[in-house]
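Residue-level listing of the chains:
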Amino acid sequence: MPANSSSRIISFSTFEVNLQTGELRQRGQKLKLQEQPFQVLAALLERPGELVSREELRSKLWPADTFVDFDHSLNAAIKRLRDALGESADAPVFIETMARRGYRFIAPVDECSGSVQISAATPLAGPRRWQWLFTARNVVLGGSTACALALSFLYYSHSLRSKAGQPSVTPAVTNVGEKFTPSLSPDGQHLAFAWNGGVGAPFSLYVKVVGAEESLRLTKQASIDFNPVWSPDGRHIAFCRIQKGETGIYVIPALGGTERRVRRTLWEEQDSYEAFWAAGRLSWSPDGKSLAFSDRASPDEPAFSIFLLSLDSREVRKLSSPLRSERNLNRASSSDGQTLAFVSLRSRGDFNPAFSPDGQTLAYARISHGVQSIYTVPVSGGEEQRLISGATYNWGLAWTPDGRDIVFAKAGWLAEDGWLWKISLRGGEPERLQFGQGGVQPVIRGNRLVYVRQVANLNIWRRNLDSLHSTGSPERLISSTRFESGPQFSPDGRKIAFESTRTGVYEVWMCREDGSGLVQLTHFNSHTGTPRWSPDGQQIAFDSRAAGNADIYVIDSEGGAPRRLTSEPSGEVVASWSRDGRWLYFASDRTGDWEVWKMPSAGGPAVQVTRHGGFAAFESPDGRFLYYAKGLAVPGLWRIPTNGGEEIELIRSLEAGYYGYWAVVENGIYYLDTMAKPGIAFFNTTTHRTTRVFDLENRPARQAPGLAVSPDKRTILYTQLDALNSDVILVDNFR
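Residues numbered from 1 in each chain as written. Predicted model: local features only at pLDDT ≥ 70, side-chain atom pairs only at ≥ 80, totals over all residues. Heavy atoms only, no water.

Peer 1: Account for the sheet that holds strand 38 (residues 528-533), naming residues and giving values.
Peer 2: Overall, antiparallel pairing links the four strands, which are arranged 38-39-40-41 in an open sheet. The open sheet terminates on both sides in strands that have one partner only, identified here as strand 38 and strand 41 (563-564). One ladder, built from four bridges, connects strand 38 with strand 39 (residues 539-544); its direction is antiparallel. Across the sheet, tryptophan 533 pairs through a bridge with isoleucine 540, a residue of strand 39. (Pairing = 2+ DSSP bridges. Helix = DSSP H or I, 4+ residues; strand = E, 2+ residues; numbered from the N terminus.)

Peer 1: Which residues make up the side chain of threonine 522, and what values do they have?
Peer 2: Of note, threonine 522 is situated in the loop between strand 37 (519-520) and strand 38. Of note is the side chain of threonine 522, whose polar atom sits 2.9 Å from the backbone nitrogen of valine 508. With residues up to four places along the chain from it excluded, the contact list for threonine 522 reads Glu507, Val508, Thr528 and Phe542. (Polar contact = N/O pair within 3.5 Å; in protein donor to acceptor, adjacent residues only side chain to side chain. Contact = heavy atoms within 4.5 Å.)

Peer 1: How would you explain unusual backbone geometry if you had to name every residue and give the values?
Peer 2: Negative phi values dominate among residues other than glycine, just as trans dominates among peptide bonds. Positive phi, normally seen in glycine, also occurs at threonine 181, with a value near 45 degrees. By the element assignment, threonine 181 lies in strand 10 (residues 179-184).

Peer 1: For the nonpolar core, give the residues involved together with the corresponding values.
Peer 2: By size, the foremost hydrophobic cluster in this structure holds 47 residues, and its most contacted members are Trp662, Ile669 and Tyr670. Among all residues touching tryptophan 662, those that are not within four sequence positions of it are Ala616, Phe618, Tyr627, Tyr628, Ala629, Leu637, Leu654, Ile669, Tyr670, Tyr671 and Leu707. Core analysis: the second largest hydrophobic core is formed by 31 residues, Ala192, Ile224, Trp230 and Phe239 among them. (Core = buried A, V, L, I, M, F, W, Y, C linked by side-chain atoms within 4.5 Å. Buried < 20%, exposed > 50% of the residue type's maximum accessible area, 1.4 Å probe, protein only.)

Peer 1: Help me get a handle on helix 1 (residues 35-46), residues and values and all.
Peer 2: Taking 1.5 Å of rise per residue, the 12 residues of helix 1 would be expected to cover 16 Å, and the 16 Å separating its terminal C-alpha atoms lies within 8% of that figure. All of the buried residues in helix 1 are Pro37, Phe38, Val40, Leu41, Ala42, Ala43, Leu44 and Leu45. (Expected span 1.5 Å × (residues − 1).)

Peer 1: Tell me about the pattern of salt bridges, residues and numbers included.
Peer 2: Using the criterion set out here, one finds 29 salt bridges in the structure. A salt bridge links arginine 448 to aspartate 732; its shortest N-O distance comes to 2.6 Å. Residue arginine 448 is located in strand 31 (residues 448-467), and its partner aspartate 732 is located in strand 56 (residues 715-732); the two are separated by 284 residues in the primary sequence. What you see here is one network of salt bridges that share partners, running through Glu23, Arg25 and Lys30. (Salt bridge = Lys/Arg side-chain N within 4 Å of Asp/Glu carboxyl O.)

Peer 1: Which residues make up the pairing of strand 14 (residues 224-230), and what values do they have?
Peer 2: The two faces of a sheet get side chains in turn, since along a regular strand they alternate between them. Most of strand 14 sits out of view: seven of its seven residues are buried. Looking at chain direction, strand 14 and strand 15 (residues 236-242) are connected through five bridges and run antiparallel. Residue aspartate 225 lies in a different strand from strand 15, and its bridge partner there is arginine 241. Here strand 14 hands over to strand 15 after five residues, with glycine 234 in that stretch at a positive phi of 75 degrees.

Peer 1: Quick one: what's the story with helix 2 (residues 54-61), residue by residue and with numbers?
Peer 2: Those residues of helix 2 that fall on the buried side of the exposure criterion are Arg54, Leu57 and Leu61. Buried residues of helix 2, seen end-on, are gathered within an arc of 60 degrees and therefore sit on one face of the element. Turned more than 90 degrees from where helix 2 packs its buried face, Glu55, Ser59 and Lys60 sit exposed. (Arc of directions from axis to C-beta.)

Peer 1: Which residues make up the packing of aromatic side chains, and what values do they have?
Peer 2: Counting across every chain of the model gives 24 aromatic pairs. Both rings, one in phenylalanine 180 and one in phenylalanine 203, keep their centres 6.1 Å apart while their planes meet at 55 degrees; by these two values the pair is tilted. With a gap of 23 residues between them, phenylalanine 180 in strand 10 and phenylalanine 203 in the loop between strand 11 (190-195) and strand 12 (204-209) connect regions that are remote in the sequence. Take phenylalanine 180 and phenylalanine 203: they sit in the same class, and that class is buried. Ring geometry for phenylalanine 293 against phenylalanine 307: centres 5.5 Å apart, planes inclined by 20 degrees, an arrangement best described as stacked. Highlighted residues: phenylalanine 293 in strand 19 (residues 290-295) and phenylalanine 307 in strand 20 (residues 305-310), separated in sequence by 14 residues. A residue is classified by how much of its surface remains accessible, and phenylalanine 293, at 1% relative accessible area, is buried. The exposure class of phenylalanine 307 is buried, given its relative accessible area of 9%. An aromatic cluster is present here, built from Phe12, Phe15, Phe94 and Phe105 joined pairwise through their rings. One cation-aromatic arrangement involves lysine 598 over tryptophan 583; the distance from NZ or CZ to the ring centre is 4.3 Å. (Phe/Tyr/Trp six-rings, centres within 6.5 Å; stacked < 30°, edge-to-face > 60°. Lys NZ or Arg CZ within 6 Å of the ring centre and 35° of its normal.)

Following this line, the structure appears as structure tokens:
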């Protein structure tokens, strides 16, 4: 700032805002923030603790004669502001959303205003600085003196904090592409990680010096290599490999050399999705003698367990028993009152093993009936202890160096709204760390912590169907920087209902058939989606976790108050209407596994429809058959008569995990075919012949509803994962 300038400084938490220069700083470091997000911040700071309406923000940011999609633009500005402040809409620290009304700044604010005379020759340090540090906040002074003292306080407190070793967060690996399962060497100076080179599979292992740019590629096979862990002496790295005929645990010198397999495993390629996005597989004991790993005991074993592998004798000992725990606990309760509806049943069991610093205890994550928990067990054997349970706790964990706490990642699908938390080994309430937005897969060595921060982008695309087997050029129809998925045409084909996270969390939205006229239908501020139209187009059914468990709701398509139809202590998701509008089908895990149920569309007792698994059901256009997938664990598409009878499998090539990528029409089914390059195929239900329709431009979105065909059969909508990038983030001076 030049000499003799006048400014107004507002500070909160570790941030300072200069309203005159339009600058936002954190601990003295200037942050990048665009003009509109800064104007929103300034408006909120003008009246801290008070509601600032959306209309007020509109008048401040956009003049009356400006044409703009106000809702989208304001939501985008709020999102950018929250990203800069390091918070999320689900757990606000600074900005609270007042549903449908506006926003409120909720953090304590310190303000000084007036004329501040700062000369370049005037030192900020002085012999009475300690007196300033302890009295500046308590002394009531006027004008320039008060502001000068406040600025001195900020300067010295920042200086002292830096010397005291406050945490410093910096990107460590930012290469284009997907990077997963980072691992720090025992001295904290080297970083190993899995990277796809920015071009999709395969994944290889890389090692770099922390703070340097160049990386050394350790593995070069056409395989999926991941989860590197260092030996205690730092000389070797053990890692996981998935490759046909060669899958297993390998060890390689840390600076490169000949690799050797030390254990065959039963991992499969589809397991790699869980490995990268959530579930790690490997940990090296502090004494260097054992590897803890997650695997199935046999090919037909339904759940993963934790095993100990002796590197000397190659003997294996089973350490955890997830199936016994399921029998004893039946359905574990969730401490945060949620149930994860879309967790893969294929991934049931125990993952993310991590040795305690003294090597006496092993911590790990467990998935059981949609509930995710963190457990510990003595390495010598003994009773398992559960620390915490919830919906989104299976994204990696790490011990603090003193062995008293466990840092874990809590995140939704695709690391949505991820953050790092800490819980004491004695249990109790978890504590959210001050850093770690979007963070998963934490690793700690000494006073250094690394984690992965993932950014994904889903959009809804459109193609014109020239016939059943040919299409026009692709067009991105509904897009944002967040997630857009689950499109469904209204019965007249003039509107589209879909789910979107453009406000920070999944909600149900609606637009015209050309993608214009966006309207937000739900405002739960909780995971809400998979909208389905009633046959008359007057209502939309959807699921939401607003009440704790996932339940089925109905809302008028013109808007209004949603009506909750289910209230069981289980998960009810992915509703659809019978063709006559009398029934609502939905998936429920109230029996322990996902099955299709139905209930009167106005509400009432539910009746079980499927008996051998079922998920995401739709009736045929003539109402004679019910088509359904079987969740995320079982491939294929199935059919059963609506008046009762035996089920048959129609399409075996619908890959597990893509439960929402199919649409029924009069004479067949459009569905996602991933046997070769991902694309859309058409299965004729009369001839049982399959025809390839078109290839996807990008990857399909696993675990998301992704396909719809217009009532006139002229348009097809599909969801694509257009971007998936991740960075490895380094935290120095971690405490």
